[in-house]
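Remarks on the overall topology
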Amino acid sequence: MPRNADHAHGMKLVILGRDGTLNRYRDDHVKAPEELDPLPGAMEAVARLNHAGWHTVLATNQAGIGRGLLDMASLNAVHIRLNQLLAEKGGRLDAAFFCPHTPEEGCDCRKPLPGLIKQIGERFDVELGAVHMVGASLTDLLTAQNAGCVPHLVLTGPIGSLGAEELANLLVQVPQARVHDDLASFAETLIQEERRRVAEARGQALAPDTQAGDLN
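This section reports on the structure supplied with the text.

1. A closer look at the overall build of the protein chain
Regarding its fold elements, the protein chain presents seven helices and six strands. When the helices and strands of the protein chain are placed in sequence order, the string is β-α-β-α-α-β-α-β-α-β-α-β-α. Taken over C-alpha atoms, the radius of gyration comes to 17 Å for the protein chain, in line with the 17 Å a tight globule of 216 residues would show. Dimensions of the protein chain, computed from the C-alpha atoms along their principal axes, are close to 55 × 40 × 35 Å. Classification of the 216 residues of the protein chain by burial places 47% in the buried group. Residue pairs at least 24 apart in sequence account for 66% of intrachain contacts in the protein chain once pairs closer than 6 positions are excluded. A total accessible area of about 10400 Å² is found for the protein chain, and carbon and sulfur atoms account for 48% of it.

2. Considerations on the sheet that holds strand S3 (residues 95-99)
Reading across the sheet, the six strands line up as S3-S2-S1-S4-S5-S6 and stay open at both edges, with parallel pairing between neighbours. Where the open sheet ends on each side, the last strands, each with one partner, are S3 and strand S6 (178-180). Shown here is a sheet whose adjacent strand axes are inclined to one another by a mean of 25 degrees, direction ignored.

Analysis parameters
Residues numbered from 1 in each chain as written. Predicted model: local features only at pLDDT ≥ 70, side-chain atom pairs only at ≥ 80, totals over all residues. Heavy atoms only, no water. Helix = DSSP H or I, 4+ residues; strand = E, 2+ residues; numbered from the N terminus. Rg over C-alpha atoms; globule rule 2.2 N^0.38 Å. Buried < 20%, exposed > 50% of the residue type's maximum accessible area, 1.4 Å probe, protein only. Contact = heavy atoms within 4.5 Å. Areas by Shrake-Rupley, 256 points an atom, 1.4 Å probe, with all protein chains shown as cover. Pairing = 2+ DSSP bridges. Axes fitted to C-alpha atoms, helices over the stretch in contact; angles between N-to-C directions.

Remember, this is a structural readout, not a statement about activity or role.
As structure tokens, then:
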């Protein structure tokens, strides 16, 4: 756990990738709300995090804007639909940050560069070393590493089809990365670790039959 991970005096924040983390990855980009296909359990996972006191923020590359595949109105409609799906399960995103540029534009906000994440840190006044960032690609892991966040990988994107040896070779690039089957598994792990930390700080033993959702 990073040095700044005690949230007693600060916001508990999770930064989420979008495609492959919350919804099924598409090679041709999500260009309209009807193309947004939520992954099983992902909306519920965000709701569990929210109910346990975690704020959730989206960070996504959207080069489709720079390439003319969708416009701002379409992207906003997609994210409105995403929030509707979350609300149906009792969850929400505090904000959606995105980079609209193509790789050729040389911006500093396109993941894996840390500019977008630094914007989030400034907006929410959090130390990035205390922030957990979870995504479904090597790009997300490298972004977290470059920004100083805690990197987490979920296997619900294209990486999930890799063999064990290929995955291990990829993870060598981000030695601190933690791997989870999906966003629900990530949420369970994070909530349980937080409950354990709180119990230890109070000098209490964590009851083995207490559910993760009972935090706070």
